[in-house]
Structure formats: C-alpha cells, structure tokens
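Geometric and topological summary
This is what each chain is made of:
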Amino acid sequence: MINNKILKVFLIVCLFQSLEAQDSGQKIFFEKCTACHTIGEGKRVGPDLANVHQRRDADWLVKFILSSQSLINSGDSIAAAVFEENNKVIMPDQPLSESELKSVIEYISTNSPDPNNPNIKTPKQIFNPTVVTQADIERGKKLFEGTVEFENGGVPCVVCHTVQLPGVFDGGTLAKDLSMAFTRLSPAGVDGIIRNPPFPAMVNSFADKPLTDQEVKDLLAFLYYSDDWNLYQNFSGNGDIIFLAVSIFSLNIVFLFFLWKWRKVKKYSVNPDR
Ligand code: HEC
Ligand code: HEC
C-alpha cells in the first residue's frame, strides 16, 4: 500500500524533474566533466576546477570550455600555459549552448570551497574513514532509518533505499540497495550523490532541504560501516564455500586413491602366484 503511494509520487516527481533537470549545471557536470575534473578534490586528467571562476574571467571560461584548442591556437597565453601545465593533454571541445555554459559554470562556482569561508568544506575534507567513531555510525543509522529527523526535513533514505545489515529496518526497493555503495562509488562519489543528487527523485527530496555537513558525515560513516560488514560477509561466505568444495574434492581424490590401491591388493591376493 505505502509502496504504491510512494511509487505514484515518485513517478510524478520524475516527470517534472526530468523536464527541469534537462540543462541543470549539475547534470552537465556529471555527464560531461567529472571524468576529467573534480571541484576541490584534486587533479584528474584535467586540473581541479575549484574556484576557477575566480582565477579566469567569464569570457575566457566560455571560450576555453567550447574549444580550448582554438583559444590556444589564437595565441592566448593563459590557455597555452594551462595546456602546458597539463602535459599537453587536449581537452575535447564541449559544444554546449549559452545557457548550458552558464549553468555549468554556476555549478562549479557554487560547489567550490570558499577560500574566505573555511567552514564550507569539500567531501574529502569532511569524510575520513580513519577517524570514524561508533557514535558517527549510530547517528548515521538513525538518520538513514528516519528515527532521527534531518535538520532541514529531507526524506529518510530508507523510504527508497535498503541496506543489508542486522538490526537495520528493511528499506524501500524503489532505488538501489546501498549495502555496498562505498565500494561501487568511492566515498567522494557517495558524498557527491548525497549532497548534489544527480537523480530526479533524490533532487526533489533534498534540493531545498540540504543535509548538513554533520549529517553527510554520519551517513557516510554508516554506509562505510555497512560496506565493510558486507564485504567481510561476502568474503567469509565465499571462503566457506570454497573450503567446502576443496575438502570434498580432496576427500574424493583420497577415496579414489584407496579404491585403486585396494583393487591392486585384491588382484594380488586373488592371484598369489604371479
Ligand atoms: C577528456 C578530459 C576532459 C573533459 C571531459 C573535460 N575537460 Fe576540462 N580540461 C581538461 C584538461 C586536460 C585541461 C587542461 C588544459 C589542457 O590541457 O588543454 C582542462 C582544462 C579546463 C579548464 C581550465 C582550467 C584552468 O585552470 O584554467 C576549464 C575551465 C575546464 N577544463 C572546464 C571543463 C568543463 C566545464 C568540462 C565539462 C563540460 C570539461 N572541462 C571537460 C580535460 C577535460
Ligand atoms: C525519494 C526516493 C529517494 C530518497 C529519499 C533517497 N534516494 Fe538515493 N536514490 C534514489 C534514486 C531513484 C536513485 C537512482 C537510481 C537507483 O539507485 O535506483 C538514487 C541513488 C542513490 C545513490 C547512488 C546509488 C548507486 O549505486 O548508483 C546513493 C549513494 C544514494 N541514492 C544515497 C541516498 C541517501 C544516503 C539517501 C538519504 C539521505 C537517499 N539516497 C535518499 C531515490 C532516493
């Protein structure tokens, strides 16, 4: 019953959001730029784009994104230097419309760490698996299940997602099982999705109800724990099966060996004269 209702809401939400998300800067960034760029998490193929809007002027950015090679060939010294610094890897031309360019640049600027406001942090700065505490995991579990509400009122994850862990509520099946989201997506990937969901259903649940840094940190701790637990479970599970198979196989070999020996013995004893 509940699932049916949620499904309807979800479908309607999807419809609206897919229309709206068409040229969102985030969608463009995820689809066309993340392969080579991060915002504040270091260099990939291309340079980290954190605060690039402060380093370069707007006009230059538009020209560079549309066709970096044209800009370099026109004799632009900054573009040539960036090309040089990045081992002369060619950034492919990005044939974006004017409004798409505007929204992707806006996305980069609003998601850059603010040098004047060190309280705004990037994913790497927020989550560090080596300092996760049991309390973080517990809080994350409660937020995930909705037994503790999100400060800004977002929908609990469990409505759409499930995590396979003993003692955790069964979740919805609308969206992917998150038991091993960490292995699949990396911490920064999960962080990016939680904070700036590229999926319509999630955008609608969290767009104007952003999670706080603490909430993101706690959820990450919980998903990290779940990932670990399931990894171990799978590993030892498979281990048992392999152990069993090897045991049966080697027992059979031993058995066959004895069988063969026994036949020989029998043969000799039947024909003692030979
Ligand atoms: C295939 C990899 C690749 C993709 C995809 C890509 N870039 Fe780049 N980008 C680069 C490289 C490499 C550079 C460094 C300049 C060079 O080598 O030409 C660069 C440089 C830049 C710069 C200049 C950075 C600076 O410090 O001045 C901007 C801005 C930029 N890219 C934006 C984008 C945007 C926006 C997208 C997506 C629409 C995108 N890039 C997609 C590889 C890529
Ligand atoms: C209204 C439903 C809804 C809610 C609430 C929701 N999600 Fe999602 N989520 C989705 C959908 C739909 C997708 C994309 C498709 C899929 O995973 O099936 C998704 C995808 C994801 C993914 C990427 C999964 C992958 O492997 O690609 C992560 C991680 C995620 N959500 C985390 C969360 C977390 C954490 C919360 C709670 C803070 C949450 N979601 C709340 C619907 C939801």
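Structure's up top.
Described in the following lines is the structure provided in the data block. Computed from a prediction, not measured in an experiment: that's the story for all the values here. (Residues numbered from 1 in each chain as written. Chains lettered and ligands numbered in written order. Predicted model: local features only at pLDDT ≥ 70, side-chain atom pairs only at ≥ 80, totals over all residues. Heavy atoms only, no water.)

1. Considerations on the side chain of Asn51
Going by this rule: Helix and strand definitions follow DSSP, with helices as H or I runs of at least four residues and strands as E runs of at least two, each counted in order from the N terminus. Buried, partly exposed and exposed residues are distinguished by accessible area as a fraction of the type maximum, computed with a 1.4 Å probe on protein chains only: under 20%, between the cut-offs, and over 50%, respectively. Note on definitions: a residue-residue contact is assigned when non-hydrogen atoms from the two residues lie within 4.5 Å.
Mapped onto the elements of the fold, Asn51 is located in the loop between helix H2 (25-33) and helix H3 (52-55). You can call Asn51 buried: its relative accessible area is 14%. If sequence neighbours within four positions are ignored, Asn51 has contacts with Ser112, Pro113 and Pro115.

2. As for a nonpolar patch on the surface
Stated formally: To count toward a patch, a residue needs a relative accessible area over 30% and no salt bridge; like charges are then connected within 9 Å, while nonpolar side chains (Val, Leu, Ile, Met, Phe, Trp, Tyr) are connected within 5 Å. Calculation of accessible area relied on Shrake-Rupley with a 1.4 Å probe; when residues are assessed, cover is drawn exclusively from the protein chains displayed. Counted as salt bridges are all cases of a side-chain nitrogen of Lys or Arg within 4 Å of a carboxyl oxygen of Asp or Glu.
On the surface, a nonpolar cluster with roughly 450 Å² of combined accessible area is contributed by Val254, Phe257, Phe258 and Trp260. On the secondary structure map, Phe258 appears in helix H13 (residues 213-270). Looking at Phe258, the relative accessible area reads 54%, which means it is exposed.

3. Some words on the environment of Glu85
Looking at the secondary structure, you find Glu85 in helix H6 (residues 77-85). Considering only alpha carbons, one finds Glu85 and Gly46, 39 residues apart in sequence, at a separation of 9.8 Å.

4. Overview of the coordination of the iron atom of ligand 1
Geometry sets the ideal angles at a metal, namely 109.5 degrees for four tetrahedral donors and 90 or 180 degrees for six octahedral donors. Formally: Here a donor is an N, O or S atom found within 2.8 Å of the metal, or within 3.2 Å if the metal is Na, K or Ca; sites may look incomplete because water is not among the atoms. Only four donors with every angle between 85 and 135 degrees are called tetrahedral; only four or six donors with opposite donors over 155 degrees apart and all others between 65 and 115 are called square planar or octahedral, in that order; all others are irregular.
Looking at the iron atom of ligand 1, the protein donor atoms are His37 (NE2) and Met91 (SD), and they sit 2.0 to 2.1 Å from it. Viewed at the metal, the six donor atoms of the iron atom of ligand 1 are separated by angles of 87 to 178°, and the geometry they form is octahedral. Of this pair, His37 sits in the loop between H2 and H3 while Met91 sits in the loop between H6 and helix H7 (98-110); the two residues are 54 residues apart in sequence, bridging distant segments of the chain.

5. Quick word on the site of ligand 2
Inclusion rule: Near, as used in this document, describes a residue that has one of its heavy atoms within 4 Å of the molecule or strand being considered. N or O atoms closer than or at 3.5 Å make up a polar contact, with two conditions inside protein: a donor-capable atom paired with an acceptor-capable one, and, for residues adjacent in sequence, both atoms drawn from side chains. Under this grouping Gly is polar, as are all residues other than the nonpolar Ala, Val, Leu, Ile, Met, Phe, Trp, Tyr, Cys and Pro and the charged Asp, Glu, Lys and Arg.
Residues in close proximity to ligand 2 total 20 residues, the closest being Cys157, Cys160, His161, Arg184 and Met202. Take His161: an N or O atom from its side chain is 2.8 Å from a nitrogen atom of ligand 2. Between an oxygen atom of ligand 2 and a main-chain N or O atom of Lys176, the distance comes to 3.0 Å. The set of elements that each furnish at least two residues to the shell around ligand 2 consists of helix H10 (181-185), helix H11 (187-195) and helix H12 (200-206). The greatest single-element share of the shell around ligand 2, amounting to four residues, is contributed by H12. Residues of the shell around ligand 2, tallied by class, amount to 16 nonpolar, two polar and two charged.

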